[in-house]
Amino acid sequence: MATIDRQATTLALAHALSAAERGLAVIPLSRTKLPALRSPHRDTPPAQPSAPPCHGECGRFGHGVYDASTDPARIRELFAAAPWATGYGIACGLPPHHLIGVDLDVKTGTDASVSLRELALRHLFTIPATVVVLTPSGGRHLWLTGPPDVVVPNSAGRLAPGIDIRGAGGYLVGPGSRTDQGVYATAPGSAHLPPAPCPPALLRLLLPPPRAPHHRAPPSAGRHGQGLVQFVLAAHEGQRNTRLFWAACRAYENGLGPALVAPLVDAALSTGLTEREARATIASAARLTGHRP
């Protein structure tokens, strides 16, 4: 049974409620940095093996980041159900901030901060002043925000060795949390800052790379345009907006944006997006790349 440290739990709850006031959805964490509440379905096999996993539809706690909330009453209920919690997690990808966490590790034998600066020089972006959380191991978490219509996936080491990304479905350990390794703390001078928007060039690096196309595209799109349209056509549910946004960014960067709007919209419609959703995503890509939609 988990050891209960009432003072640590009280402090964690206070920090979690403070974060919620800033619009950040939170969950209680244990000293291991894992969600404090175990799944209520852990000992119950699903009635239908092919059924999608429960993300809280059952009404019980224990669904990890899907329990995250900004409602003070619900947060108190979560911590009451987990009196052994000594920290809290902040869900990424949720409105209003659509938080993206850049985790710069120091345990891999590489300096992730140097790797990020090299990426910034190579891809011509600047790391903005933003919230920085210092980890007990000497690493840093940078808090950035993303566009509401872009889904940034979680990744580990894909951007560069030692750089992990916390996106949709992930969470960051909140400052003030106490773990087995120590306490997470906001870096001096950054506590008052709001999370800064993710630089467009960095955001594009965080999106999934294109996969080999499986569908034919309209011949009028041109060879490069056909590949972008095919990339959208190959999207599965859950990645349609992300693929459309990535393809639209590439189109505008290569001077094909206006010519590919109609083919990209048609491709998005074939994957199940509505025309309104598709055009909004393409317009967001246009603005992000410095073009008029």
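What comes next concerns the included structure. Residue numbers here run from 1 along each chain, matching the order of that chain's written sequence. In keeping with the model being predicted, local features are shown solely for residues with a pLDDT of at least 70 and side-chain atom pairs are shown and tallied solely at 80 or more, while totals for entire chains, interfaces and linings include all residues. In computing side-chain values, all of the structure's heavy atoms are included and hydrogens and water are not.

Re the sheet that holds strand 8 (residues 171-173)
Part 1: Pairing within the open sheet is antiparallel, and its 3 strands lie in the order 1-2-8. Strands at the two margins of the open sheet, each flanked by one partner only, are strand 1 (26-29) and strand 8. Strand-to-strand twist in this sheet, taken as the mean axis angle between neighbours without regard to direction, amounts to 35°.
Part 2: Only strands joined by at least two bridges in the DSSP assignment are considered to pair. Strands are runs of DSSP state E lasting at least two residues, helices are runs of H or I lasting at least four, and both sets are numbered from the N terminus onward. Sheet topology note: the strand 1/strand 2 (residues 87-91) ladder contains 4 bridges and is antiparallel. Note that in strand 2 the partner of P28 across the bridge is Y88.
Part 3: Together, strand 1 and strand 2 form the strand contacts of helix 1 (residues 6-21), whose direction differs from that of strand 2 by roughly 20°.
Part 4: Note on contacts: a residue pair is in contact if any heavy atoms of the two residues lie within 4.5 Å. Axes here mean lines fitted to C-alpha atoms, for a helix over just the part in contact, with angles spanning 0 to 180 degrees between N-to-C directions. Set on the sheet, helix 2 (residues 72-81) makes contact with strand 1 and strand 2; between it and strand 1 the angle comes to about 15°.

Section: the nonpolar core
Part 1: Nonpolar core, defined: a set of buried Ala, Val, Leu, Ile, Met, Phe, Trp, Tyr and Cys residues in which side-chain atoms within 4.5 Å join the residues together. Only protein chains enter the accessibility calculation, which uses a 1.4 Å probe; a residue whose area is less than 20% of its type maximum is buried, one above 50% is exposed, and one in between is partly exposed. Ranked by size, the top nonpolar core spans 49 residues in total, and within it I163 and L264 carry the most contacts.
Part 2: For this core, the element with the most residues is helix 6 (residues 240-253), which contributes 8 residues.
Part 3: In this view, I163 contacts V102, D103, L104, A112, S115, L116, L119, A156, G157 and R158; residues no more than four positions away in its chain are not counted.
Part 4: Membership of the second largest hydrophobic core comes to 32 residues, among which are A19, V26, A68 and Y184.

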